[in-house]
Amino acid sequence: MLKIVVMVSGGGTNLQAIIDGIRSGLITDTEITAVISNNADAYALVRARENGIPAYCISPKDYAGREQFNEELLKQVDALKADLIVLAGYLVRIPEAMVHAYSHRIINIHPSLIPSFCGVGYYGLKVHEAVLEKGVKVTGATVHYVDEGMDTGEIIAQKAVEVQPGDTPEILQRRVMEQAEWKLLPQVINQIAHNGQ
Ligand code: GRF
């Protein structure tokens, strides 16, 4: 049984896709042991609680400094004894000590085809705004392992999505989620549950 901890900051539609994937049998031999958010108001925490999953808020705001937050985050994650940590729209940088302690055991979903439209400043709608501004015709989503850099870790899987004439950042974001993110992340988790890392 693969025990996963899902880390979130916002709406949690990717978390929902994982919950639904487990429920429908698309993901097997996998259990979400906890959901962690840096943001107490994240709707993802409601989704977790509604589904009987322990949900915690660990916010940098509650600690004297980033170092104290980083230490506490690692301590709490360690206590959950996860096999895999899934970053599903988690907007806080993972502390280096945690990256090292969980090498090839932290994955992230990014809403573009890495190495395009990724790295510092490319998150949320900003990614899709940049895609439209550049005028590329294909975008998508990437699941990758997390290393010390920003969206630089080894790529596990990608799925392409077409940009359509008349797209707004919001419309494109929704299409990338529906056609790529919500499918890719559950698939990769199931793959890791069965084939290891
Ligand atoms: C997704 O687009 C994810 O790829 C990105 O942040 C968004 C989170 O959405 N990193 P949600 O919270 O899963 O709805």
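Below: a short report on this structure. (Residues numbered from 1 in each chain as written. Predicted model: local features only at pLDDT ≥ 70, side-chain atom pairs only at ≥ 80, totals over all residues. Heavy atoms only, no water.)

1. Concerning the overall build of the protein
Alright, step 1. When you go through the protein residue by residue, the secondary structure sums to six helices and seven strands.
Alright, step 2. Scanning the protein from its N terminus toward the C terminus, one meets helices and strands in the order β-α-β-α-β-α-β-α-β-α-β-β-α.
Alright, step 3. What you see for the protein is a C-alpha radius of gyration of 16 Å, in line with the 16 Å of a compact globule of 197 residues.
Alright, step 4. The principal-axis extent of the C-alpha atoms belonging to the protein is close to 50 × 40 × 30 Å.
Alright, step 5. Within the span of the protein, comprising 197 residues, buried residues form 48% of the whole.
Alright, step 6. Contacts spanning at least 24 positions in sequence make up 64% of the contacts within the protein whose residues lie at least 6 apart.
Alright, step 7. Of the accessible surface of the protein, which amounts to about 9500 Å², a share of 49% is contributed by carbon and sulfur atoms.
Alright, step 8. Mean positive and mean negative side-chain charge positions of the protein (17 and 23 charges, respectively) differ by 3 Å. (Helix = DSSP H or I, 4+ residues; strand = E, 2+ residues; numbered from the N terminus. Rg over C-alpha atoms; globule rule 2.2 N^0.38 Å. Buried < 20%, exposed > 50% of the residue type's maximum accessible area, 1.4 Å probe, protein only. Contact = heavy atoms within 4.5 Å. Areas by Shrake-Rupley, 256 points an atom, 1.4 Å probe, with all protein chains shown as cover. Lys, Arg positive; Asp, Glu negative; His and termini not counted. Charge placed at Lys NZ, Arg CZ, Asp CG, Glu CD.)

2. Regarding the side chain of glutamate 181
Alright, step 1. Secondary-structure assignment places glutamate 181 in helix 6 (residues 169-195).
Alright, step 2. Comment: no salt bridge for buried glutamate 181; closest opposite-charge side chain is arginine 174, at 10 Å.
Alright, step 3. The contact partners of glutamate 181, leaving out residues within four places of it in the chain, are Asn14, Ile109, Pro111, Ala141, Val176 and Pro186. (Salt bridge = Lys/Arg side-chain N within 4 Å of Asp/Glu carboxyl O.)

3. A closer look at the pattern of salt bridges
Alright, step 1. All chains considered together, the criterion is met by three salt bridges.
Alright, step 2. With a closest N to O distance of 2.7 Å, arginine 175 and aspartate 167 form a salt bridge. Here the two residues arginine 175 and aspartate 167 agree in accessibility, since each one is buried.
Alright, step 3. Ionic pairing is found between arginine 174 and glutamate 178, a salt bridge with its closest N-O pair at 2.9 Å. On the criterion of helical spacing, the pair formed by arginine 174 and glutamate 178 is a turn pair, its members being four residues apart in helix 6.

4. Details of unusual backbone geometry
Alright, step 1. For the bond running from isoleucine 114 to proline 115, omega is 20°, close enough to zero to count as cis.
Alright, step 2. Within the secondary structure, proline 115 sits in the loop between strand 5 (106-110) and helix 5 (125-134).
Alright, step 3. Residues other than glycine seldom take positive phi values, yet lysine 81 does so here, at roughly 50°.
Alright, step 4. Summarising the element assignment, lysine 81 is placed in the loop between helix 3 (66-80) and strand 4 (84-87).
Alright, step 5. On the basis of relative accessible area, lysine 81 is assigned to the exposed category, the value being 60%.

5. Considering the nonpolar core
Alright, step 1. Val6 and Ile107 are the most contacted members of the largest nonpolar core, which has 38 residues in total.
Alright, step 2. With eight residues, helix 6 is the largest single contributor of residues to this core.
Alright, step 3. Filtering out sequence-adjacent residues up to four positions away, valine 6 remains in contact with Leu15, Ile18, Ile32, Ala34, Val35, Ile36, Val86 and Ala88.
Alright, step 4. Counting residues in each nonpolar core, the second largest holds 21 residues, with Leu74, Leu87, Tyr90 and Val146 among its members. (Core = buried A, V, L, I, M, F, W, Y, C linked by side-chain atoms within 4.5 Å.)

6. Overview of the packing of helix 1 (residues 13-24) against helix 6
When two helices pack together, you describe them by how their axes are tilted relative to each other and by the distance separating the axes.
Alright, step 1. Two numbers describe how helix 1 lies on helix 6: the axes approach to 9 Å, and their chain directions differ by 50°. On the basis of their axis angle, the class for helix 1 and helix 6 is oblique. Once helix 1 is placed against helix 6, the crossing between them reads as right-handed. Taking contact as the criterion, the partners of Thr13, Asn14, Ala17 and Ile18 in helix 1 are, on helix 6, Met177, Glu181, Trp182, Leu185, Pro186 and Ile189.
Alright, step 2. Considered class by class, the residues forming the contact of helix 1 with helix 6 number seven nonpolar, two polar and one charged. (Axes fitted to C-alpha atoms, helices over the stretch in contact; angles between N-to-C directions. Parallel < 35°, antiparallel > 145°, perpendicular 65-115°, else oblique. Left-handed = near helix turned anticlockwise from the far one by under 90°. Nonpolar A, V, L, I, M, F, W, Y, C, P; charged D, E, K, R; others polar.)

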